[in-house]
Amino acid sequence: MPSNVNPTVRRRRLGQELRRLREQKNMTAEEVADRLLVSQSKISRLENGRRSISQRDVRDLCNVYEVEDERIVESLMQMAKDSRQQGWWHAFGDIPYSVYIGLETDAESLRGYEPQLIPGLLQTRAYAEALITGALPEAPPTDIEKRVNVRARRQDRISDAERPLRLWVVIDEAALHRVVGGRQIMIEQLEHLVEQSKLPHVTVQVLPFDMGAHPGVNGQYAILEFPDAADSSVVYIEGVTSDLYLEKANDVQRYSVMYEHLRAQALNVEQSRQFIIDHAKKYTG
């Protein structure tokens, strides 16, 4: 396995291997949990990559699954060791959406729909600071600064010359109307959005109000795809207290079809860019 794979992706791959071994033994997660005297939720979280896994966990699971090939056991234990390394985001302390950051960091492409806000990867620092401050009114300034710095660090994927993220976003017109931080900040944000949309690996489309009902009315979501075929695509839905990750093929397919409808209903790239420019002019009036 390449040494540059981040710990979140390693943990996810390890979980997939452990699930495969369990299914080969025709065992349920509940049965495995009973054998190891742990909770069923622990087994589920290990398999879906949402929980750090120790080498002891791997050894115990391999014993339950009667894995006799020591090379397989050693390989899985090495994956567990590697998965416990820290990604760049851990330097910022406790980040509530660290799992998502790990996936985004390793993704090859991201398709997203934003109904209310400018997408985080395309936000200016001033917009991001005003947005986070408004969303977390009781958070101390140090926490606000940390979150803004993490958002800025995530944006490095857009400017990465060797491995830029292929980003395609559909933004509802409401995001252009919502004044975050004041009119001048909105002018700078929309100008920045236009400039970013000119990058060859960034596509921005606007979904105007007059399109009426559309497949995105249920809210924001993102579809992440990875360069390695072993890593299945993930649908990410952000929540207030917890986030949702969908990895089943039929779930990803449903959201992908919804996204194609959104792209078809939205203004094309040139129309969207002009729409944003025209809207920015309204803030100067």
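Everything below is about the structure shown above.
The model shown is predicted, which means the values in this text are computed figures rather than measured ones.

Asks: Sorry if this is basic, but what is going on with the overall build of the protein here?
Replies: When its secondary structure is counted, the protein shows 13 helices and six strands. Oriented by its inertia axes, the alpha-carbon framework of the protein measures out at about 70 × 40 × 35 Å. Across the 285 residues of the protein, 49% fall into the buried class. The contacts of the protein with a sequence gap of at least 6 include a subset with a gap of at least 24, amounting to 74%.

Asks: In this structure, what is going on with helix α5 (residues 70-83)? I would like to understand it.
Replies: Since the α-helix advances by 3.6 residues per turn, residues separated by three or four positions end up pointing in the same direction. The terminal C-alpha atoms of α5 lie 20 Å apart, and with 14 residues this matches the ideal 20 Å at 1.5 Å per residue to within 8%. Buried within α5 are the following residues: Val73, Leu76, Met79, Ala80, Asp82 and Ser83. Between the side-chain oxygen of the N-cap and the backbone nitrogen of Arg71 there are 2.9 Å, and the N-cap of α5 in question is Asp69.

Asks: What am I meant to see in unusual backbone geometry here?
Replies: Most peptide bonds take the trans configuration, and most residues that are not glycine carry a negative phi. A positive phi angle, close to 55°, is found at Asn26, a residue other than glycine. Locating Asn26 in the fold gives a position in the loop between α1 (7-24) and α2 (29-36). Backbone geometry at Leu37 places phi at a positive 60°, although glycine is not the residue there. Turning to its location among the elements, Leu37 is positioned in the loop between α2 and α3 (40-47).

Criteria and cut-off values
- Residues numbered from 1 in each chain as written.
- Predicted model: local features only at pLDDT ≥ 70, side-chain atom pairs only at ≥ 80, totals over all residues.
- Heavy atoms only, no water.
- Helix = DSSP H or I, 4+ residues; strand = E, 2+ residues; numbered from the N terminus.
- Buried < 20%, exposed > 50% of the residue type's maximum accessible area, 1.4 Å probe, protein only.
- Contact = heavy atoms within 4.5 Å.
- Expected span 1.5 Å × (residues − 1).
- Polar contact = N/O pair within 3.5 Å; in protein donor to acceptor, adjacent residues only side chain to side chain.

Remember, this is a structural readout, not a statement about activity or role.
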